[in-house]
Amino acid sequence: MNAVIRGTGACTPEKVLTNADFEKMVDTSDDWIVSRTGIKERRVVSSGESNSDLCFKAGQNALEMANISAEDLDMIIVGTVTPDYYLPSTAALVQDKLKALNSAAFDVVAACAGFLHGLSIARGFILNGNVKRVLVIGSEVLSRITDYTDRSTCVLFGDGAGAVVVEAEETGDQNGSGLLSSYLRADGSKKELLWIPIGGSTNPITPHNVEARERYIMMSGNEIYKLAVRAMCDAALRALDQVGINTEQISWLIPHQANIRIIEGVARRLKIPDRKVYLNIEKYGNTSAASVPIALDEANRKGMLKKGDYILMVAFGGGLTWGASLVRW
Ligand code: ACO
């Protein structure tokens, strides 16, 4: 049995925030943002637009490409740290919007690595023979938890959603198309490097902590930066090891689009040349769980992914969480 990606989809909001917009909001410059991060613009939702709206459209696009109807889905998994509500899950809202009447639905909270966690769970369920078709989505509306007075974080984040439809394929060929391996890790001891201190059950929201601007993402960017490169490389090599593939055999590296310098560091250490690294960070910024599936969908729709290609996806984010997945197209 293989778990094969049948379709990809994405949805990014219309509204664009450029670096010039940030020059008017905080003490920053286009030059600083581009040279330190590679970001030129990012998309943000408008009022009334929700995470589940983005998921719905990305999911629809993926289902359309897969030529699979929503009623045929057995499971919907949404990786997100910006759910519409704490209760119910965003996946349940997507199930309703898609009218996926025969589907289970749940969210996965693993920050920027959320989509890769969802993909790994989908693969497990499929290989166990429990389900046949899973819609895996990574989606965020980070603009609603971004402090637009904090220049060290606000220039980084954007909103969007990406999705894939994964389907069981009966085959004896273990090296055929599909999700070949995945490696996931976490280190909760470093939670304070990237977190939102209030709003959960430990520190419920009060007028005082809202006033202190603690309801937004707080990040020790420089420390995360150093940990990210090492962890992403390690995860990538372990995912490749599971199937005996080396980095020279990789056709595409699709990394979490957090920072161009992190991506270049990872590619350099893995000895993957620039021409094999898919980048779209300049258009969308860091969209956390959405960034890998948005990039995968873009590359797919541009016809860059060929049958038989080995595609390596890697991500690192809050938790801390990180991981890698290898797909054969
Ligand atoms: N404009 C101008 N100056 C700025 C800005 C800005 N927007 N932001 C910070 N600075 C200043 C700082 O104040 C500092 O000034 P100082 O030296 O006078 O104190 C200087 O720039 C350098 O700051 P650093 O934080 O050391 O800058 P660095 O080179 O590390 O870049 C960045 C910062 C872009 C955040 C980088 O550290 C990074 O990308 N980190 C990783 C982010 C990441 O991958 N997060 C994980 C995923 S996100 C998720 O899970 C939701």
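Above: the structure in question.
Rules used in this analysis
- Residues numbered from 1 in each chain as written.
- Predicted model: local features only at pLDDT ≥ 70, side-chain atom pairs only at ≥ 80, totals over all residues.
- Heavy atoms only, no water.
- Buried < 20%, exposed > 50% of the residue type's maximum accessible area, 1.4 Å probe, protein only.
- Helix = DSSP H or I, 4+ residues; strand = E, 2+ residues; numbered from the N terminus.
- Pairing = 2+ DSSP bridges.
- Axes fitted to C-alpha atoms, helices over the stretch in contact; angles between N-to-C directions.
- Parallel < 35°, antiparallel > 145°, perpendicular 65-115°, else oblique.
- Left-handed = near helix turned anticlockwise from the far one by under 90°.
- Contact = heavy atoms within 4.5 Å.
- Nonpolar A, V, L, I, M, F, W, Y, C, P; charged D, E, K, R; others polar.
- Near = heavy atom within 4 Å.
- Polar contact = N/O pair within 3.5 Å; in protein donor to acceptor, adjacent residues only side chain to side chain.
- Areas by Shrake-Rupley, 256 points an atom, 1.4 Å probe, with all protein chains shown as cover.
- Core = buried A, V, L, I, M, F, W, Y, C linked by side-chain atoms within 4.5 Å.
- Domains from an automatic or database assignment.

1. Considering the pairing of strand E7 (residues 159-169)
The side chains of a regular strand alternate between the sheet's two faces. Counting buried positions along E7 yields 10 of 11 residues, so the element is predominantly enclosed. Pairing of strand E1 (residues 2-11) with E7, which is carried by 9 bridges, proceeds in the antiparallel orientation. Counted as the bridge partner of Cys11 is Ala161 from E7. Where strand E6 (residues 133-141) and E7 come together, 9 bridges link them in antiparallel fashion. Of the residues in E7, the one forming a bridge with Gly138 is Gly162.

2. Digging into the packing of helix H3 (residues 51-66) against helix H4 (residues 90-98)
Look at H3 against H4: their axes get within 9 Å of each other, and the N-to-C directions meet at 55°. What the angle tells us is that H3 and H4 run oblique. Judged by the sense of rotation from one axis to the other, the crossing of H3 with H4 is right-handed. Judged by residue contacts, Asn51, Ser52, Asp53, Cys55, Phe56, Gln60 and Leu63 of H3 engage Thr90, Leu93, Val94, Lys97 and Leu98 from H4. Taken together, the residues of the contact of H3 with H4 sort by class into 6 nonpolar, 4 polar and 2 charged.

3. A few points about the sheet that holds strand E8 (residues 178-186)
With mixed pairing, 4 strands are arranged side by side in an open sheet as E8-E13-E12-E11. Of all the strands in the sheet, the pair left with one neighbour each is E8 and strand E11 (252-255). Each strand of the sheet is rotated relative to its neighbour by a mean of 15°, with strand direction disregarded. Relative to strand E12 (residues 310-317), E11 is paired through 4 bridges, and the arrangement is parallel. The residue of E12 that forms the bridge with Pro255 is Val314. Contacts from helix H8 (residues 221-241) reach E8, E12 and strand E13 (321-328), with the element oriented near 145° to E12.

4. A look at the site of the ligand
Near the ligand you find 27 residues, and of these Thr28, Arg36, Cys112, Asn222 and Asn259 are the closest. The contact in question runs from a nitrogen atom of the ligand to an N or O atom on the backbone of Arg151, over 2.9 Å. Within the side chain of Asn259, an N or O atom sits 2.6 Å from an oxygen atom of the ligand. Out of a free accessible area of 1,000 Å², the ligand has 75% covered by protein chains.

5. As for the pairing of E6
Of all the 9 residues making up E6, 8 are buried; the element is thus mostly covered by neighbouring parts of the structure. Bridge count for strand E4 (residues 75-79) against E6 is 5 bridges, and the pairing is parallel. Bridge pairing links Val78 to Ile137 in E6.

6. Some thoughts on the nonpolar core
Judged by nonpolar contacts, the single largest core of 47 residues is most densely connected at Ile250, Leu253, Val266, Leu312, Phe316 and Leu326. If you list the elements that add at least two residues to this core, you get E8, H8, helix H9 (260-270), E12 and E13. Both domains that furnish three or more residues to this core are identified here as domain 1 (2-169) and domain 2 (178-328). Not counting residues within four places of it along the chain, the set of residues in contact with Ile250 comprises Leu240, Ile245, Ile272, Lys276, Tyr310, Leu312 and Leu326. One finds Val134, Ile254, Ile311 and Val327 within the second-largest nonpolar core, a separate group that totals 32 residues.

What is shown is where atoms sit, not what they do.
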